[in-house]
Amino acid sequence: MHQYFYLHGFASSPQSVKAKNFSDRFTHLHIPLTTPDLNQGDFTYLTLTRQLQQVEAELPAPPTPVTLIGSSFGGLTAAWLGQRQPQVERLVLLAPAFGFLSHWLPRLGYEQVQQWKTEGFLPVYHYGAEKMLPISYQFAEDAAQYREADLLRPVPTLLFHGKSDEVIPLQTSIDFAKTRPWVKLVELDSDHGLADASDIIWQGIQEFCSLS
C-alpha cells in the first residue's frame, strides 16, 4: 500500500496550518498521512542530516512505495530522500529550500554570521514553539555539505513555487527544473507560505498522485 508523508519546514511543526490542511484533506479521502515532528524535541541541534536519518527510520520497509510532500526546508529534505531512497516514487515540493544558506546567510549579514560561528548558537523565531530558540552553527556546517547539483535521480516531481517568494527566490526552482525533465514546475501568484494557493496545490496533488 502506497504511503504518504508530509515534511514541515524549518522552525515549523506538524501543527502548522499547512500540515493540518494536508492532514484534513488526506483524512477526508481515508488515506493515512504521516507527519513526523522534525524538531525531535531538540530544535537547537537540528541538521539536514538528522532530518534525513529521522525520516529514513520512519519509512516503511521496501519495496512499499512512498510519496513525500515537503515544504521549504522539508521540501529540501524530501528531495534528498528521493535521491537516496529508491522506494520514494513521487515528490511534491512546496517552495523547496534550494540554496538555503546562500539566501539566508546574506540576510543575516556578515557580522551576525561571524557571531553565530564564534558563539556557536543563533536565536531564531520558531513558529511552532511561538518563541525564539537557539540553533547551533552545526546546522550551517551540515547544510553546506549538500549540493543540489547531486540531486539527479529521476523521481517524478511536482514543484510549486510562489512568484513573490521573499525567502527562497522562484529562480532557484526554475533553475532546478530546467535541467531535470522529470520535474514539473508550477509558478503561483503567492509568497513563500503559499497559504492562498492551497486549493490549487491540492488539486495538483490529487491529479499527480491519482487521489480520489
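Quantities reported herein were computed from a predicted structural model and do not represent experimental measurements.

Draft legend 1. Quick peek at the overall build of the protein chain. In terms of helices and strands, the protein chain carries eight helices and eight strands. For 212 residues, the compact-globule estimate of 2.2 N^0.38 gives 17 Å, and the C-alpha radius of gyration of the protein chain, at 17 Å, lies within 12% of that figure. When the backbone C-alpha atoms are referred to their principal axes, the protein chain occupies close to 50 × 35 × 30 Å. When burial is assessed residue by residue, the protein chain has 52% of its 212 residues classed as buried. Sequence-distant contacts in the protein chain: of pairs separated by 6 or more residues, those separated by 24 or more amount to 70%.

Draft legend 2. Quick look at the sheet that holds strand S1 (residues 3-7). Strands sit in the order S2-S1-S3-S4-S7-S8 across an open sheet of six strands; the sheet is parallel. Pairing within the sheet leaves two strands with one partner each, and these edge strands are strand S2 (33-34) and strand S8 (183-188). Across six bridges, strand S7 (residues 157-162) lies against S8 in parallel orientation. Residue threonine 157 lies in a different strand from S8, and its bridge partner there is valine 183. Packing of helix H8 (residues 198-209) onto the sheet brings it into contact with S1, strand S3 (66-71), strand S4 (88-94), S7 and S8, and relative to S7 it is tilted by some 170 degrees.

Draft legend 3. Up close: unusual backbone geometry. Across the junction of proline 62 and proline 63, the peptide omega takes the value 5 degrees, indicating a cis bond. By secondary structure assignment, the location of proline 63 is in the loop between helix H2 (48-58) and S3. Not every positive phi belongs to a glycine, and glutamine 40 is a case in point at roughly 50 degrees. The exposure class of glutamine 40 is partly exposed, given its relative accessible area of 43%. Despite not being glycine, alanine 95 shows a phi value in the positive range, around 45 degrees. Its place among the elements puts alanine 95 in the loop between S4 and helix H4 (100-108).

Draft legend 4. Structural detail: the packing of H2 against helix H3 (residues 73-84). Where H2 contacts H3, the two axes come as close as 10 Å, and the packing angle between them is 60 degrees. Put simply, H2 runs oblique to H3. Viewed along their axes, H2 and H3 form a crossing whose handedness is right-handed. For the pair H2 and H3, the contacting residues are Leu48, Gln51, Leu52, Val55 and Glu56 in the first and Phe73, Leu76, Thr77, Trp80, Leu81 and Arg84 in the second.

Draft legend 5. The arrangement of the packing of aromatic side chains in detail. Under the counting rule described, the total for this entry stands at 20 aromatic pairs. Ring centres of tyrosine 6 and phenylalanine 22 lie 5.3 Å apart, and the angle between their planes is 40 degrees; this geometry places the pair in the tilted category. Highlighted residues: tyrosine 6 in strand S1 and phenylalanine 22 in helix H1 (residues 17-28), separated in sequence by 16 residues. Relative accessible area serves as the criterion here: at 1%, tyrosine 6 is assigned to the buried category. For the ring pair phenylalanine 100 and phenylalanine 139, a centre distance of 5.8 Å and an interplane angle of 85 degrees mean the geometry is edge-to-face. Of this pair, phenylalanine 100 sits in helix H4 while phenylalanine 139 sits in helix H6 (residues 138-143); the two residues are 39 residues apart in sequence, bridging distant segments of the chain. Classification of phenylalanine 100 as buried rests on a relative accessible area of 10%. A connected cluster of aromatic rings, assembled from ring pairs, spans Phe10, Phe43, Phe73, Phe100, Trp104, Trp116, Tyr137 and Phe139.

Draft legend 6. A look at the pairing of S3. Across the six residues that make up S3, a large majority, six, are buried. Side chains Val66, Leu68 and Gly70 of S3 all project onto a buried face; the interleaved residues Thr67, Ile69 and Ser71 project onto the opposite face, where all are buried too. Sheet topology note: the S1/S3 ladder contains five bridges and is parallel. Residue pairing in the sheet places leucine 7 in a bridge with glycine 70 of S3. Across six bridges, the pairing between S3 and S4 is parallel. Each bridged residue has a counterpart across the sheet, and for serine 71 the counterpart in S4 is leucine 94.

Procedures and definitions
- Position numbers for residues count from 1 along each chain, tracking the sequence in the order it is written.
- Residue-level local features of this predicted model are given only where pLDDT is at least 70; pairs of side-chain atoms are given and counted only at 80 or more, and the full residue set underlies all totals for whole chains, interfaces and linings.
- Only heavy atoms go into the side-chain values, all of them from the structure, while hydrogens and water stay out.
- Numbered from the N terminus, helices here are DSSP runs of H or I no shorter than four residues, and strands are runs of E no shorter than two.
- Taken over C-alpha atoms, the radius of gyration is set against a globule rule of 2.2 Å times the number of residues to the power 0.38.
- To sort residues, take the accessible area from a 1.4 Å probe on protein chains only and compare it with the maximum for the residue type: under 20% means buried, over 50% means exposed, and anything in between is partly exposed.
- Whether two residues are in contact is decided by their heavy atoms: any pair within 4.5 Å suffices.
- Pairing between strands requires that DSSP locate at least two bridges from one strand to the other.
- Note on geometry: axes are C-alpha line fits, over the in-contact stretch for helices, and angles between N-to-C directions span 0 to 180 degrees.
- Each angle is binned into one of four classes, with values under 35 degrees roughly parallel, values over 145 roughly antiparallel, values of 65 to 115 roughly perpendicular, and all other values oblique.
- Two helices cross in a left-handed way if the nearer one is turned anticlockwise from the farther one by less than a right angle. They cross in a right-handed way if the turn is clockwise.
- Pairing of aromatic rings covers Phe, Tyr and the six-membered ring of Trp, with a centre-to-centre limit of 6.5 Å; geometry is then stacked below 30 degrees between planes, edge-to-face above 60, and tilted otherwise.

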